[in-house]
Amino acid sequence: MFALRLILGTHPLVLLRRLLVVVAATGVGLLLLCALGYAVAHPGRPSASLPRLLWCALPLAAAAHFAVAVARADPVTRPRAGLSAVGLGSGRLSGLATAWTAFCCTVGSALALLVYLQLRGGPAGRAAGASELLAPGRQLPLPAALTLLALLPAVASVAVAVSLRSPRRPAGRSGARAGGTEEAADDGTPPAGLPWGVALLGAGLAAGAYTARTGAAPPPAGPAGSLGVLAGWLLSAAGLAVAGPGLAHLCGRLLQAGSPGPARLLAGRGLMEQARRVGRPLGVACAVAAATLAAATLYGSSGAVSLGPMTGLGAGLVVACTAATLLTAALETRRARLDTRDALLELGATAALLRTAVALRALVLLAVFAPLTWAVAALTVLPLTR
Amino acid sequence: MVAPPDNDVLWARSLHYSPHGSPALDGVSLGVREGEILAVQGPRGCGKTTLLRCLSGQLVPERGEIWFAGAEVHTLSARRREQLRRDRFGWIDPAGALVPELTVWENAALPLLLRGTPHRAALAAATDWLERLDVGPCARQRPGALSPAQRQRVAAARALISVPTVVFADEPTATLHRAEGAQMLRTLTTAARSHRITVILATHQPEVAAVADRTIELLDGRRVGSGQLGDETEEGRDACSLSV
């Protein structure tokens, strides 16, 4: 009960974020049920059902990523000196965050089941003239549906538990100001992922180019080589996600190079400090944007929608979840810098200076990540359209 | 409206501030002379920090006047008060309030950078002040790697670097051990006296207040039992505030 009070007593924005997790879980659940419905409707064509099921993995990953970002940014699950003193420390709060994520995702999945059954007209599928995704006229295998629906709650809670596993100290006003924030970025060492990320990205692009050279068509039109192309895309996306923090750190380093004035100094150092927090979602967003660009170039002209309504729903979910994750990370960054902002205002720094620093940070990130996205998309598409 | 005495660099009259119903300041008046070290002593919660924040223009009192160098502070816009803090005041926070992502060097140079001093000159001045306060060797470290005593000294260097007219030190030794606190106070007062910087020092410890030229005591937002140096005894003064 105490946990529920803690959770319900928060700011409306926080409640909205949790509601968005529920909505994302509903979307993923619907998508999985649609894949199941297609498979039930076409028992003789597993080769057509499998891509649909695999396609659901991307929105599922995006939703889990979003759930983790929301759990990390949640003020309730952050260790606090007051709660620590009464015995509700970092471990219990992590457990609370995990349980709450599982609850949100389960509610979303249950909603998805309800919506799906409503669309079908009951478990027996009595709705006449329904789409093939709803498997009209056939009995829906309930254990299979429940297993699929349990996927997201399980994946998301495990991800939250793992990401909150490291012991976090209560960050009060003095603790955060002294640099003792929960992120271990105090020493100013750059995030280590940049070389690995670049290597993965290069390998992905090379794999795409190689399989395209052997005459494969973009997925899913050509079944033979499409696996290689798909693997190349996934590798590139993973590379961007891994390289994100390192790139953001590099942006910060560039921004404060030379002999900077206060705005450039604060913006650059702030970016270097927050690189771990914003870099990963930024890399993922970059990968999603590149994939969207590439897909629009490849499929946009022909208008081929291969997986039916599932394509739009899945792509929409991935884009929305990625954008929401990025926004959550940005808000968390802002909260983490509140103490620094107070300290600067005590010194007499103007609000305009702080705004300039934030704008500079956003501008340099945009200036680096936008061309990168475009380049990755162009390089992905190039071997396939030649 | 009464003009303040000429020899007071900072002068306040019957300040009232009650943010959440309970009065943090209830008719406090004081005058600070140039180059003086004034201790504001009292237990926790007596309004020391609120008084310092009002005097430095971070808070605007609900009633009462604050004059700095012959000009009103309480009627200034937020922007002008920011400028005043940047150009004329220094601030030492109980926990240092250093910017965690900047190095010690840049933290100390920050007031000069905010004023528009070129990077190189600001860092040279910061080196100078850090040496003087015995934290020169850690100039390239982050505040997170320092001990509390070193952090407080960096905060003192940051407050003094721009050679402000007034330095507000809010419990500067609260997180330090006795020996470290005493040394920190000694360096602060020495630097302030050699540059004729006025220091207003809030503390709850009598031994800290002992380094000051003069001490005023606060209790529950009011001044109590102050020494009778007596140059402000006109009527119209709030009955609760005793004269200096």
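Residues numbered from 1 in each chain as written. Chains lettered and ligands numbered in written order. Predicted model: local features only at pLDDT ≥ 70, side-chain atom pairs only at ≥ 80, totals over all residues. Heavy atoms only, no water.

### Some details on the overall build of chain B
So, point 1. Each helix and strand in chain B was counted, giving seven helices and 10 strands.
So, point 2. With 244 residues in all, chain B has 57% of them scored as buried.
So, point 3. Contacts in chain B between residues far apart in sequence, at least 24 positions, make up 69% of those at least 6 positions apart.
So, point 4. Element-wise, carbon and sulfur atoms account for 49% of the exposed surface of chain B, whose accessible area totals about 10,000 Å². (Helix = DSSP H or I, 4+ residues; strand = E, 2+ residues; numbered from the N terminus. Buried < 20%, exposed > 50% of the residue type's maximum accessible area, 1.4 Å probe, protein only. Contact = heavy atoms within 4.5 Å. Areas by Shrake-Rupley, 256 points an atom, 1.4 Å probe, with all protein chains shown as cover.)

### Digging into the interface of chain A and chain B
So, point 1. Residue-level contacts link 28 residues of chain A with 26 residues of chain B.
So, point 2. For the pair chain A and chain B, the summed buried surface comes to about 2,500 Å²; carbon and sulfur atoms form 59% of the total.
So, point 3. Our count for the chain A to chain B interface comes out at three salt bridges.
So, point 4. The residue Glu346(A) makes a salt bridge to Arg53(B) at a minimum N-O spacing of 3.0 Å.
So, point 5. On the surface where chain A and chain B come into contact, there are eight residue pairs in polar contact (both at pLDDT 80 or more).
So, point 6. Residue assignment for the side of chain A that touches chain B shows that the elements contributing at least two residues are helix H8 (173-177), helix H11 (262-299), helix H13 (338-347) and helix H14 (351-385) of chain A.
So, point 7. Residues that form the side of chain A that touches chain B fall into these classes: 13 nonpolar, eight polar and seven charged. (Buried area = accessible area lost by both parts, 1.4 Å probe. Salt bridge = Lys/Arg side-chain N within 4 Å of Asp/Glu carboxyl O. Polar contact = N/O pair within 3.5 Å; in protein donor to acceptor, adjacent residues only side chain to side chain. Nonpolar A, V, L, I, M, F, W, Y, C, P; charged D, E, K, R; others polar.)

### Observations regarding the UniProt feature "transmembrane region" (unreviewed entry) in chain A
Residue and element names in this part refer to chain A.
So, point 1. The residues that UniProt annotates with the feature "transmembrane region" (unreviewed entry) are residues 20-41, 53-73, 93-119, 140-164, 227-248, 282-300, 312-331 and 363-384.
So, point 2. Span residues 312-331 is 100% helix and 0% strand, its end C-alpha atoms 28 Å apart.
So, point 3. Counting secondary structure, residues 363-384 comes out at 100% helix and 0% strand; the distance between its end C-alpha atoms is 33 Å. (UniProt positions renumbered as here; feature names shortened; annotations may be inferred.)

### Focus: a nonpolar patch on the surface
Residues and elements named next belong to chain A.
So, point 1. A cluster of nonpolar side chains, contributed by Leu13, Leu16, Leu19, Leu20, Val23 and Leu331, occupies part of the molecular surface with about 500 Å² of accessible area.
So, point 2. When residues in the nonpolar patch are grouped by element, the largest group, five residues, is from helix H2 (residues 12-41).
So, point 3. With respect to the helices and strands, leucine 13 occurs in helix H2. (Patch = residues over 30% accessible without salt bridge, like charges linked within 9 Å, V, L, I, M, F, W, Y side chains within 5 Å.)

### Quick look at the sheet that holds strand E2 (residues 25-33) of chain B
Residues and elements named next belong to chain B.
So, point 1. The strand order E2-E1-E4-E5 describes an open sheet built from four strands, whose pairing is antiparallel. Since the sheet does not close on itself, it has two edges, and those belong to E2 and strand E5 (71-72), each with one partner.
So, point 2. Here strand E1 (residues 8-17) pairs with E2 via seven bridges, running antiparallel. When the bridges of E2 are listed, tryptophan 11 appears paired with glycine 31. (Pairing = 2+ DSSP bridges.)

### Comments concerning the side chain of Arg85(B)
So, point 1. Mapped onto the elements, Arg85(B) comes out in helix H2 (residues 78-87).
So, point 2. Glu82(B) is the oppositely charged side chain nearest to the buried, salt-bridge-free Arg85(B), at an N-O distance of 4.9 Å.
So, point 3. Here Leu345(A) takes part through its backbone oxygen, which lies 3.0 Å from a polar atom of the side chain of Arg85(B).
So, point 4. Setting aside its immediate chain neighbours within four residues, Arg85(B) contacts Leu345(A), Glu346(A), Leu347(A), Gly348(A), Ser56(B), Gly57(B) and Gln58(B). (Lys, Arg positive; Asp, Glu negative; His and termini not counted.)

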